[in-house]
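# Structural characterization, general
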Amino acid sequence: LVALDRPHTSPRIQGFADWMVNEAIIASETGTFPIVQPRSQVANSPTSDGLGASTEEFAYCNSDVGGPGCENNRSQQFSFNTPYAAPDDAICGRVAYSAFHVSVGDSSGDVFPAHCAGDLSAQEKVLLYMLFDLGACVGDEPPPPPCTPITCPEGACGKVPNGCGGVIDCGTCGGPTN
């Protein structure tokens, strides 16, 4: 299930759900996708998802939809900024947690890469989303460092790079003399 109605929902979760509908992973009216062989190391209970307040939960499973291994609405995918719960100006990274395998395993006996054929599974697509989400900007893009253009080096002539993306004119160059 996409975590649209859970305690750790953020505006980013709606973007995730919209992407999943667009990729035909979930139907917009159900918010569910199949999770094969779910795992979870998060200590959940019937009344708590076990996640901290600064965590964004993306997907969870429950026994109604996911079957065995999905008891107590187990968290399957979540992320948080690092350092954990830091103020916005101190955030410097992101952690993603995925609790499910992307495939059950190959039973065809084909040797890699011959067994890699067809479309990605729903679980593979969700994992890819999370990997790309890790690369998303955390906070505002920092301004470029200041640059001080260089002056004409001794003996230079013509147009030369100034070290800041521009050029400087160091005068005309004399040709060979006889």
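Residues numbered from 1 in each chain as written. Predicted model: local features only at pLDDT ≥ 70, side-chain atom pairs only at ≥ 80, totals over all residues. Heavy atoms only, no water.

This part is about the overall build of the chain. Helix and strand content of the chain: two helices and five strands. Overall, the chain shows an N-to-C arrangement of helices and strands of α-β-β-β-α-β-β. Buried residues in the chain amount to 31% of all 178 residues. Long-range pairs, those at least 24 residues apart, make up 53% of the contacts in the chain between residues at least 6 apart in sequence. Just so you have it, the chain exposes about 11,200 Å², and 56% of that area is on carbon and sulfur atoms. (Helix = DSSP H or I, 4+ residues; strand = E, 2+ residues; numbered from the N terminus. Buried < 20%, exposed > 50% of the residue type's maximum accessible area, 1.4 Å probe, protein only. Contact = heavy atoms within 4.5 Å. Areas by Shrake-Rupley, 256 points an atom, 1.4 Å probe, with all protein chains shown as cover.)

Below, the discussion takes up the side chain of Arg 94. Structurally, the position occupied by Arg 94 is in strand 3 (residues 93–98). Only 2.4 Å separates the side chain of Arg 94 from the side chain of Glu 56, close enough to count as a polar contact. A polar side-chain atom of Arg 94 sits 2.7 Å from a polar atom in the side chain of Ser 79. (Polar contact = N/O pair within 3.5 Å; in protein donor to acceptor, adjacent residues only side chain to side chain.)

Membership of the largest hydrophobic core comes to 15 residues, with the highest contact counts inside it found for Phe 16, Met 20, Ile 25, Phe 33, Phe 58 and Val 126. Only helix 1 (11–22), strand 1 (56–61) and helix 2 (122–134) provide two or more residues apiece to this core. (Core = buried A, V, L, I, M, F, W, Y, C linked by side-chain atoms within 4.5 Å.)

Moving on, we come to unusual backbone geometry. Excluding glycine, most residues fall at negative phi; most peptide bonds, likewise, are trans. The step from Thr 82 to Pro 83 runs through a cis peptide bond, and the omega angle for that step is -10°. Here Pro 83 lies in the loop between strand 2 (74–82) and strand 3. Notably, Ala 24 is not glycine yet its phi reads approximately 60°, a positive angle. Its location among the elements puts Ala 24 in the loop between helix 1 and strand 1.

Next up on the list: the pairing of strand 1. In terms of residue burial, strand 1 counts as a mostly covered element, since six of its six residues are buried. Of the pairings in the sheet, the one linking strand 1 to strand 2 comprises five bridges and is antiparallel in character. Paired with Ala 59 across the bridge in strand 2 is Gln 77. (Pairing = 2+ DSSP bridges.)

Counted under the stated rule, the structure contains seven aromatic pairs. Pairing Phe 58 with Tyr 129 gives two aromatic rings, centres 6.4 Å apart and planes at 55°, and the pair type is tilted. Placement of Phe 58 in strand 1 and of Tyr 129 in helix 2 is noted, with a sequence separation of 71 residues between them. Each of the two residues, Phe 58 as well as Tyr 129, counts as buried. For the pair Phe 78 and Tyr 97, a centre-to-centre distance of 4.5 Å together with 25° between the ring planes defines the contact as stacked. With Phe 78 in strand 2 and Tyr 97 in strand 3, this residue pair connects regions lying 19 residues apart in the sequence. (Phe/Tyr/Trp six-rings, centres within 6.5 Å; stacked < 30°, edge-to-face > 60°.)

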